[in-house]
Amino acid sequence: MTDKLISLPKHGLSRPDILAKMDAARTHDVRWRQGQVFSLVFDAGDEVNDLAKAAYITFFSENGLNPTAFPSLRRFETEVVAMVGALLGGAGHSAGNMTTGGTESILMAVLAAREWARAERPKIIHPEMVLPSSAHPAFDKAAHYFGVKAVRVPVDGDFRADVEAMRRAVNLDTVLVVGSAPSYPQGAVDPIPELASLAQQRGILCHVDACVGGMMLPFVRRLGYPVPLFDFSVPGVTSLSVDLHKYGYAAKGASVILYRNAALRRHQLFATTDWPGGIYVSPTMTGTRPGGAIAAAWAVLNFLGEEGYLRIARTVMQTTARMRDGINALDGLRVLGQPPMSVLAIASDKDNIYEIGDEMSARGWHLDRQQFPPSLHLTVNYAHRTVADRFLLDLAQSVLAARQPSLRRSGNEFAVKATRTAARLLPDRLLSRMTGRASALFGGDEGLPQRSAAMYGMMGALPNRGDLRELVLDLLESFTTVGEGDS
Ligand SMILES: Cc1ncc(COP(=O)(O)O)c(C=O)c1O
């Protein structure tokens, strides 16, 4: 897959050389400092970032694997878990751990549910979980890793979990019901009290994915916005995942998995007593656990405190309102559903939304493309407070350009390269099935697409989803293999 063989340099490079190469390598990275990136980076400003960096570096070498060696990290982790638990209605009873992110927290929740069922519902041989179509793919990953069947149920017209349909999907093998607060795709908060009550009636567990909302919704509610109940204050909610590297504004590699009580958390823990290397215990997926991420999370939570998070949430909600109203005022565009916080999807009734996305990319904005329905995704955070007006101006121009090809800008170099790399994989496997259709869609030299809209059109034209899965796995391989442009 690669033309190039890379091996360790014979002689080590100098520090300035290395730093210069790294600087050069990031030339085409998305511009998060200018507030043009959504979802990937959460930026609460230099003061918070500098503190997180200082804390991270102070504990750069420490390892959370062994709490007896580093009582400092043990203290930070338990206090972080306690602070987040108290924020979410778990004071005095919840138990949990820090993980490296939302995915690991969700993996832990599904594993614990499976282990709980093995202990408490031993007749269940093939455990299942029921979840809305909007729940994060980390649940499918957990299903894949742990042999739990994921039963996905379509959401309702407001993109919220359809409780009655989920009730019908629950059967004697179901061990877990899942809801999100909010979901990623349209930012909807599922009806958690109803889902938790369903789980309680069936005597099973209920996990709430508050990876995005856990550090935001409590403050949004305190500011007076209507926020549905979603945490341990709801009877029947048995676990919650909350990411600190999202709206907690901590360094990456920081999330919390919380259980209603220590007995539930016990099902997550791992111990082996027969290894020649000694007795080994580990609370989460990873063995070695980076001390920096744990320390930085503790530092940022203590630095911002309730006041700091409230102040940030107020600004984020004001920015979101400005963006939402501006989007809805543009001809053909609308925000999907009624998102209660700062996660939004933009759809168009008139234009190809992916063309609009390409125009936004050409203007330096990094917006995820979504499907079912086609839309662009925004996770508004503190970093966007100064760019809302420019965003709306560029969006208005992008709508016009999507309608009039003469106004279109060529994509940024990296986006074009990524799209073309994706397309380059096609001829081998799939293009023969699509000839004709492909050349009509693509344009550009070599017949490869310059714009992601063409790519999405082509994906929609693929004969079946299995082909698409193979294609994206090919892409993943190419992204994790040394490529032509690398040096
Ligand atoms: C609702 C939700 N859950 C879970 C995750 C997974 O989080 P991570 O990427 O930190 O693993 C995300 C990521 O965006 C998310 O939006």
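Right, let's walk through the structure included here. It should be emphasised that the depicted structure is a prediction, and the values quoted were computed from it without experimental measurement.

Brief notes about the pairing of strand β1 (residues 95–99)
Counting buried residues in β1 gives five out of five residues, a clear majority hidden from the surface. Both β1 and strand β7 (residues 255–259) contribute to a ladder of five bridges, which runs antiparallel. Following the sheet pairing, A95 is matched in β7 by Y259.

Considering unusual backbone geometry
A negative phi angle is the norm for most residues apart from glycine, just as the trans form is the norm for most peptide bonds. The linkage connecting A181 with the following residue, P182, adopts the cis geometry, with an omega of -5°. The omega torsion of the bond from F372 to P373 falls at 0°, within 30 degrees of zero and hence cis. With respect to the helices and strands, the residue P373 is situated in the loop between β12 (368–370) and β13 (375–379). Not every positive phi belongs to a glycine, and S39 is a case in point at roughly 80°. Within the element layout of this structure, S39 appears in the loop between α1 (15–25) and α2 (46–58). Classification of S39 as buried rests on a relative accessible area of 13%. Even without a glycine there, the phi angle at Y249 is positive, about 55°.

Some details on the environment of W365
Among the secondary structure elements, W365 is positioned in the loop between α11 (353–362) and β12. Judged by relative accessible area, W365 falls into the buried class, the value being 2%. Separated by 331 residues in the primary sequence, W365 and Q34 place their C-alpha atoms 9.7 Å from one another. Residues in contact with W365, not counting those within four places in the same chain, are G35, Q36, F38, M360, V387, R390, F391 and D394. One polar contact links W365 to D394, side chain to side chain, over a distance of 2.8 Å.

As for the pattern of salt bridges
In total, this model carries 18 salt bridges according to the counting rule given. Ionic pairing is found between R118 and E115, a salt bridge with its closest N-O pair at 3.1 Å. Here R118 pairs with E115, and both are found in helix α4 (residues 102–120), just three residues apart, close to one helical turn. Note that D349 and R334 form a salt bridge whose closest N and O atoms lie 3.0 Å from each other.

Overview of the packing of aromatic side chains
Applying the stated criterion to the full structure yields 11 aromatic pairs. Where Y145 meets F146, the ring centres are 6.3 Å apart and the plane angle is 80°; that geometry is what we call edge-to-face. Overall, the relative accessible area of 44% leaves Y145 in the partly exposed class. Here F146 falls in the buried class, since its relative accessible area comes to 13%. Measuring from centroid to centroid gives 6.1 Å for W275 and Y280, while their planes differ by 90°, and the two rings are edge-to-face. For Y280, a relative accessible area of 26% translates into the label partly exposed. In this structure, R385 is placed above the aromatic ring of Y382, and the distance from its NZ or CZ to the ring centre is 4.0 Å.

How each quantity is defined
- Residues numbered from 1 in each chain as written.
- Predicted model: local features only at pLDDT ≥ 70, side-chain atom pairs only at ≥ 80, totals over all residues.
- Heavy atoms only, no water.
- Buried < 20%, exposed > 50% of the residue type's maximum accessible area, 1.4 Å probe, protein only.
- Helix = DSSP H or I, 4+ residues; strand = E, 2+ residues; numbered from the N terminus.
- Pairing = 2+ DSSP bridges.
- Contact = heavy atoms within 4.5 Å.
- Polar contact = N/O pair within 3.5 Å; in protein donor to acceptor, adjacent residues only side chain to side chain.
- Salt bridge = Lys/Arg side-chain N within 4 Å of Asp/Glu carboxyl O.
- Phe/Tyr/Trp six-rings, centres within 6.5 Å; stacked < 30°, edge-to-face > 60°.
- Lys NZ or Arg CZ within 6 Å of the ring centre and 35° of its normal.

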